Amino acid sequence: MEENKKMTVRTRFAPSPTGYMHIGNLRSGLYAYLFARANGGKFLLRIEDTDQERYVEGAVELIYRTLKDIGINWDEGPDVGGDFGPYVQSERKNLYMPYAEQLIKSGHAYRCFCTKEELEQRRAEAQARGETFKYDKHCLHMSEEEIQRRLAEGQSYVIRQNVPTEGETSFTDEIFGTITVNNSELDDNVLIKADGMPTYNFANVIDDHLMNITHVMRGMEYLSSTPKYNLLYEAFGWEIPKYIHMTPIMKDAQHKLSKRNGDASYEDFINKGYLKEAIVNYVALLGWNPGDERERFTLKELEEAFSVKGMSKSPAIFDNEKLTWLNAQYIRELSEEEFTKHAMKWYEMAGISHMNTSVLFKILGQRVEYFAQIPDMVDFLVKLDEEYPVEFFTNKKSKTNSEVSKSVLEMVIPALKALDEWEETKIHDLLMNMAAENGLKNGTLLWPVRIAMAGKQVTPGGAIEIAILLGRDESLRRLEYGLKKLS
RNA sequence: GGCCCCUUGGUCAAGCGGUCUAAGACACCGCCCUUUCACGGCGGUAACAGGAGUUCGAGUCUCCUAGGGGUCACCA
């Protein structure tokens, strides 16, 4: 009767505050966000900090900052609130126990008094026999008196899920389709730890349900534990959400991208002068494609185009070169003002911030792939490497050699000295006319000038731009030095 | 090792039984443009993991093998 009233899509990003925002993390959050937006739904942020051991100071703030930086807004979360809070798991810790007890009553869970040491020993024994260890439900059949006795003694215990030993459980993943496993493969996992805190698995099920999450999006590593989640949903009589398991981003064919291996994180790229728009664009395309040939997307465009249909089933290898290429595309479209804003920090680092930013933009705007490249590209502007070899003056294509270069410089230097104003078009016209009047190719005249002024065979920009940047005095000094070298 | 998932060029990937002697992009190579380099333009090299089967017809469906990944914690 209400078939047109579709349920509002609700997704969540549930990171653990254990450190940096990895590229893989970032993409998980991005996809969950995009999926919600593409379907007119809500996106929530939940902090999963049940592991006090791994908690890192400041990690939560970093998560907020990174998401905000790239333009991802959450509709509900620790800082913005919402109707299903709190959104920090440690603040919900008292919430889980009643659910676990409900499961004990219904026979879907039980208290287990086995100690860690005992379990470790049994695990080791099983391994020694070459078997896969599985909890043997030892405590499941403990008598009520025994349980009460132990509780009275204050023995610590965990609560385990009681999974069926027979039959099979299947679930449907939106990307991978239907997956069926034998219940005999499933283990009686811990739901509540000895310290009373829920395990990730349990907290997840409870929280996702309580927060009305309709589409559980998470890494593929949870694919094989999903049947256990479903058994839990069924035990509670709750509606099972849709599952979307995302493939990891790889560093190479066998290793996941991870900060532990020193792989670059979002922040590292930002610090190297990559544009956040390019990073988002690239990361979105790693594991998802729009189904057509577009490859440039703003966040807004992604919000419209995103769909699970385009999500890949196999892991994608992170390709730094393609990211760099994409970043270069974005940089080339920057206005002079925007470019300079991004580049200034690097100009300062390189010691060229006093130079004409218009000319710098002209020579660097189409050449820089990421801003950290600037200092190396312009080092010659700051200091001439006087050790450059005379052979640099010889270039076949430009038809120059030492003699030609020498005569060119002899002719150019006095003319430039006599120039009334050190200005781009004036220098340009002077040199061009000089080439024409002497029957020289432009390149033949410009090559030695550029070499003398830069001391390098390859430079961003040409002789005229370099002359402007260096200024009259330094330009002439370098030209005369070049002439001396040729004499 | 058991179980689960995956497998199109070096990389990202399109393809959803015939239009595949397999698209596009990055990278690479060549040519053009040009004041070096870069940008830009044009072109090129390069792939259906292997084997059975189903079918008139298979990159597309099934099975097997191989390879890779994941998972088997009181971590998430």
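Conventions we followed
Residues numbered from 1 in each chain as written. Chains lettered and ligands numbered in written order. Predicted model: local features only at pLDDT ≥ 70, side-chain atom pairs only at ≥ 80, totals over all residues. Heavy atoms only, no water. Buried < 20%, exposed > 50% of the residue type's maximum accessible area, 1.4 Å probe, protein only. Helix = DSSP H or I, 4+ residues; strand = E, 2+ residues; numbered from the N terminus. Pairing = 2+ DSSP bridges. Phe/Tyr/Trp six-rings, centres within 6.5 Å; stacked < 30°, edge-to-face > 60°. Domains from an automatic or database assignment. Contact = heavy atoms within 4.5 Å. Buried area = accessible area lost by both parts, 1.4 Å probe. Salt bridge = Lys/Arg side-chain N within 4 Å of Asp/Glu carboxyl O. Polar contact = N/O pair within 3.5 Å; in protein donor to acceptor, adjacent residues only side chain to side chain. 1 Å grid on protein atoms, 1.4 Å probe; cavity = no way out; pocket = protein on both sides within 12 Å on 5 of 7 lines; lining within 4 Å. Points joined across faces, edges and corners; volume = space filled by probe spheres on them. Nonpolar A, V, L, I, M, F, W, Y, C, P; charged D, E, K, R; others polar.

Attention shifts here to the pairing of strand β5 (residues 168-173). Along β5, the buried face is formed by Thr169, Phe171 and Asp173; none of Glu168, Ser170 and Thr172, which line the opposite face, is buried. The pairing of β5 with strand β6 (residues 177-182) spans six bridges and is antiparallel. Looking at β6, one finds that threonine 169 is bridged to valine 181. Here β5 folds back onto β6, and the loop between the two strands holds three residues.

Turning our attention to the packing of aromatic side chains. This structure, assessed with the given rule, holds 22 aromatic pairs. Measuring from ring centre to ring centre gives 5.1 Å for tyrosine 31 and phenylalanine 306, while their planes differ by 45°; the resulting arrangement is tilted. One end of the pair, tyrosine 31, is in helix α1 (residues 23-38); the other, phenylalanine 306, is in the loop between α10 (299-305) and β11 (316-317), and 275 residues separate them in sequence. With respect to burial, tyrosine 31 and phenylalanine 306 carry one shared label: buried. With a centroid separation of 6.4 Å and 70° between ring planes, the pair formed by tyrosine 233 and tryptophan 238 is classed as edge-to-face.

Interfaces are often sized by the accessible area lost when the parts come together. In terms of domain boundaries, chain A breaks down into domain 1 (259-332) and domain 2 (336-486). Placing the centre of domain 1 and that of domain 2 at their C-alpha centroids yields a distance of 36 Å. Contacts between the two partners involve 10 residues from domain 1, matched on the other side by 11 residues from domain 2. On the domain 1 side of the interface with domain 2, the three residues burying the most area are Lys272, Ile331 and Arg332, jointly 51% of the side's total. Taken together, the links from domain 1 to domain 2 amount to zero salt bridges. Linking domain 1 with domain 2 are three residue pairs in polar contact (both at pLDDT 80 or more).

Right, let's talk about helix α9 (residues 276-285) for a bit. Counted residue by residue, α9 has seven buried out of 10 residues, so it is predominantly covered. Regarding α9, the residues found buried are Ala278, Ile279, Val280, Asn281, Tyr282, Val283 and Ala284. After α9 finishes, the residue glycine 287 shows a positive phi value of roughly 110°.

We now examine empty space enclosed by the protein. Vacant regions in the atomic arrangement are exposed by a probe of water-molecule size rolled over the atoms. Taken as a whole and judged by the stated rule, the model has two cavities of 30 Å³ or more. Counted as a void, the largest cavity has a volume near 70 Å³. Surrounding the largest cavity, Gln161, Asn189, Val190, Leu191, Thr199, Asn201, Ser225, Lys228, Tyr229 and Leu232 form its lining. When residues of the lining of the largest cavity are traced back to their parent elements, those giving at least two are β7 (190-192) and α7 (226-236). Top element by residues in the lining of the largest cavity is α7. It accounts for three residues. In the lining of the largest cavity, the residues fall into four nonpolar, five polar and one charged. Taken as a whole, the second largest cavity encloses approximately 40 Å³ of empty space.

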